[in-house]
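Inside the fold
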Amino acid sequence: MAFQGTDFFRIDELYSEEELMVRNSVREFVDEQIIPIIEEHYMQGTFPMELVEKLGNLGMFGIKTSEKYGGAGANYTTYGLAMQELERGDSGVRSFASVQNSLVMFPIEAYASEEKKQEWLPKLASGKAIGCFGLTEPDHGSNPSGMLSNAKKIDGGYLLNGAKMWITNGSLADVAVVWAKLDGRITGFLVEKGMKGFSAPEMKNKHSLRASVTSELIFQDVEVPEINRLNVDGLKGPLSCLTQARYGIAYGAIGAAMQVYESSINYAKSRIQFDKPIAGFQLVQDKLVHIFDEISKAQLIAYRVGRLMESGNFKPEHISFAKRNNVKMALESCRIAREVHGANGILNEYPIMRHANNLESVYTYEGTHDIHTLILGQHITGIPAFK
Ligand code: TGC
Ligand code: FAD
């Protein structure tokens, strides 16, 4: 069972028995099934496909999806805690689950035709099918409203053209949730593996999220049937999905920080320099206290945002606050943890550099740190500073 030294404010007392039960079972799964294999996959640059069915059996896909479509129908807090534990293992595995839950199953349940819900959601929930989410394009990252991918109405459906980039799970996906412009307005389509003109080449040579598949999506005159169109109009379609996923990341980042904190405490207590454990030096304690302090604050933020979401009283700005703060906190914690581990901190015997490198992507995807600053800046001043 994982290190228990990161519940200083006894937040566990605020969680229900059911929420803690799920958290603890995912924690155990991560300790037994992910941590022992993940460094090897990271070094090889492979996603651990052997985990997909197991994660499905554990109920890690469709956590919030209604039970009638094979989901668990659980609340936001349960989802957040599951993401925290998965990211304690690796951000790539958490990314896989974030995409499947928030960026694929959420929009299918919210916006797809009943026929497509019944076709895809049970398979996605069990891990028998994999999904991906295509919003970002080579020339449109932070500003997706400028996207060039486009659809034209044809008899019985749409003709889709364009390209997406940086798509998690792209080459693995059986179904892609793709955002494109139709008559100048953004809308969504379900593009299925094997549709003529659709390809998803994998992007290689990443230094970050190496245990995760990242791909391009290419659409050349892909005929998408009418029934595959999502019933949503405008940028609020993809942004509503990002709201779900960004919330999960705010919890997830805490998991990565917990893992490097645990490693730092253990290392500092056992590493002897100048005849005593380095944990006994004031400067080292300052570093350990900093990580501990920041994790404790991040936990309170994530907890509160989850409960606001459950009561329906949240604003997207709450989620920007949590994603922005918690990911920065986790990235800084890795940097400090690496210092505490000295030279050993760069070895893959310790989880530090893997988490640090992963979090560079997490800092940038789902809205960069700066984009969330601007969302909050607009919230407090009333003045948009995006352009
Ligand atoms: P703006 O005019 O502000 O808004 C357009 C419409 O959207 C509505 N809206 C939202 N709706 C739901 N949820 C939210 N969070 C929303 N925020 C805004 C808004 O009310 C408006 O509705 P309507 O009815 O008036 O049309 O749009 P803008 O073009 O000015 O853009 C604002 C900005 C810059 C904040 C937005 O474009 C943005 O968030 N950019 C960042 C892009 C981003 O996050 N991309 C992520 C790609 S997916 C990804 O990274 C997955 S990683 C997966 C993994 O591996 O885990
Ligand atoms: P840009 O938008 O070009 O930004 C570059 C820099 O400029 C950033 O520092 C940014 O903050 C800054 N900047 C941009 N605009 C402003 C402004 N107005 N004011 C101040 N600063 C600004 N996308 C998907 O659609 N689906 C996925 O599954 C997915 N998975 C990903 C997986 C990985 C590993 C990575 C790295 C990315 C993934 N993304 C995905 C893409 C991700 O969402 C984008 O990288 C992100 O939105 C930023 O876009 P960009 O990289 O084009 O950076």
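Above this text you will find the structure in question.
So, here is what we can say about the structure in this document. (Residues numbered from 1 in each chain as written. Chains lettered and ligands numbered in written order. Predicted model: local features only at pLDDT ≥ 70, side-chain atom pairs only at ≥ 80, totals over all residues. Heavy atoms only, no water.)

Comments concerning the pattern of salt bridges
For the structure on display, the rule yields 21 salt bridges. The salt bridge involving E339 is made with K287; its shortest N-O contact spans 3.4 Å. With E339 in helix α8 (residues 316-340) and K287 in helix α7 (residues 282-311), the pair connects residues that are 52 residues apart, well separated along the chain. With a relative accessible area of 24%, K287 lands in the partly exposed category. Through salt bridges with shared partners, a single ionic network connects R27, D31, E85 and R88. (Salt bridge = Lys/Arg side-chain N within 4 Å of Asp/Glu carboxyl O. Helix = DSSP H or I, 4+ residues; strand = E, 2+ residues; numbered from the N terminus. Buried < 20%, exposed > 50% of the residue type's maximum accessible area, 1.4 Å probe, protein only.)

Remarks on the site of ligand 1
By nearness alone, 26 residues border ligand 1, and T168, T243, R246, E366 and G367 come closest of all. One nitrogen or oxygen atom from the side chain of S145 is found 3.5 Å from an oxygen atom belonging to ligand 1. Contact between ligand 1 and R246: an oxygen atom at 2.7 Å from a side-chain N or O atom of the residue. At the level of elements, α4 (91-111) and α6 (236-270) are the ones that each hand at least two residues to the shell around ligand 1. Among the elements that make up the shell around ligand 1, the one with the highest residue count is α6 (six residues). Residues that form the shell around ligand 1 fall into these classes: 12 nonpolar, 10 polar and four charged. (Near = heavy atom within 4 Å. Polar contact = N/O pair within 3.5 Å; in protein donor to acceptor, adjacent residues only side chain to side chain. Nonpolar A, V, L, I, M, F, W, Y, C, P; charged D, E, K, R; others polar.)

Considerations on the packing of α7 against α8
Interhelical geometry of α7 versus α8 gives an angle of 160° and a closest axis separation of 9 Å. Classed by the angle they form, the pair α7 and α8 counts as roughly antiparallel. Where α7 crosses over α8, the handedness of that crossing is left-handed. Split by residue class, the contact of α7 with α8 holds 16 nonpolar, five polar and four charged. (Axes fitted to C-alpha atoms, helices over the stretch in contact; angles between N-to-C directions. Parallel < 35°, antiparallel > 145°, perpendicular 65-115°, else oblique. Left-handed = near helix turned anticlockwise from the far one by under 90°.)

Considering the packing of α6 against α8
In the contact formed by α6 and α8, the axes pass within 8 Å of each other and the chain directions differ by 20°. Judged by the inter-axis angle, α6 sits roughly parallel to α8. Both α6 and α8 take part in a crossing whose hand is left-handed. Contact residues: T243, R246, Y247, I249, A250, A253, I254, A257, V260, S264, Y267 and A268 in α6; I319, A322, K323, N326, V327, M329, A330, S333, C334, A337 and V340 in α8. For the contact of α6 with α8, the residue count by class is 17 nonpolar, four polar and two charged. (Contact = heavy atoms within 4.5 Å.)

Considerations on the nonpolar core
Nonpolar side chains in soluble globular proteins tend to end up buried together. Membership of the largest hydrophobic core comes to 97 residues, with the highest contact counts inside it found for L86 and W179. Take this core: its biggest share by element is 17 residues, from α6. Those residues within four positions of L86 in sequence are excluded, and the remaining contacts are V26, V30, I34, L55, M60, V93, R94 and A97. Core analysis: the second largest hydrophobic core is formed by 18 residues, Y158, A173, V178 and F219 among them. (Core = buried A, V, L, I, M, F, W, Y, C linked by side-chain atoms within 4.5 Å.)

Topic: the packing of aromatic side chains
Both the distance between ring centres and the angle between the ring planes are used here to describe each pair of aromatic rings. Tallying each qualifying case throughout the model produces 15 aromatic pairs. Here the aromatic rings of Y15 and Y303 are separated by 5.4 Å at their centres, their planes lie at 70°, and the arrangement is edge-to-face. Within this pair, whereas Y15 is found in the segment before α1 (17-44), its partner Y303 is found in helix α7, the two being separated by 288 residues in sequence. Given the relative accessible area of 9%, Y15 is considered buried. Classification of Y303 by relative accessible area gives buried; the value is 14%. Taking 4.7 Å as the distance between ring centres and 10° as the angle between the ring planes, the aromatic pair formed by F47 and F96 counts as stacked. In this pair, F47 sits in the loop between α1 and α2 (50-57) while F96 sits in helix α4, placing the two residues 49 residues apart along the sequence. Look at F47 and you get buried, because its relative accessible area is 7%. (Phe/Tyr/Trp six-rings, centres within 6.5 Å; stacked < 30°, edge-to-face > 60°.)

A word on helix α5 (residues 114-126)
Along an α-helix, a turn takes 3.6 residues, which lines up residues three or four apart on a common side. Taking 1.5 Å as the rise per residue, α5 with 13 residues should run 18 Å; its terminal C-alpha atoms sit 19 Å apart, in good agreement. Its axis deflected by about 25° at W120, α5 carries its strongest bend there, up to four residues before the proline P122. The set of residues buried in α5 consists of K116, K117, W120, L121, L124 and A125. The inward-facing, buried residues of α5 contact α2, α4, β1 (131-134), β4 (175-182) and β5 (185-192). Just downstream of α5, G127 is the residue with a positive phi angle, here 85°. (Expected span 1.5 Å × (residues − 1). Bend = angle between axes of the 7 residues up to and from the residue.)

Observations concerning α1
For α1, built from 28 residues, the straight-helix expectation of 40 Å at 1.5 Å per residue is met to within 8% by its first-to-last C-alpha distance of 39 Å. Along α1, the largest kink reaches about 45° and is centred on I34; proline P36 follows within four residues of it. Among all positions in α1, only E19, L20, R23, V26, R27, F29, V30, I34, I38, E39, H41 and Y42 are buried. Along its buried surface, α1 packs onto α2, α3 (76-89), α4, α6, α7 and α9 (352-364). Positioned one or two residues after α1, G45 has a phi angle of 70°, which is positive.

Considerations on the site of ligand 2
Every one of the 17 residues lining ligand 2 counts as a neighbour, but T136, S142, W166, T368 and F386 are closest to it. Within the side chain of S142, a nitrogen or oxygen atom sits 2.6 Å from an oxygen atom of ligand 2. One nitrogen or oxygen atom from the side chain of D370 is found 3.5 Å from an oxygen atom belonging to ligand 2. Relative to its unbound accessible area of 990 Å², ligand 2 is 67% covered by the protein chains. It is strand β3 (residues 157-168) that contributes the most residues to the shell around ligand 2, three residues altogether. Tallied by class, residues from the shell around ligand 2 come to eight nonpolar, seven polar and two charged. Looking at which domains feed residues into the shell around ligand 2, each of domain 2 (131-233) and domain 3 (237-381) supplies at least three. (Areas by Shrake-Rupley, 256 points an atom, 1.4 Å probe, with all protein chains shown as cover. Domains from an automatic or database assignment.)

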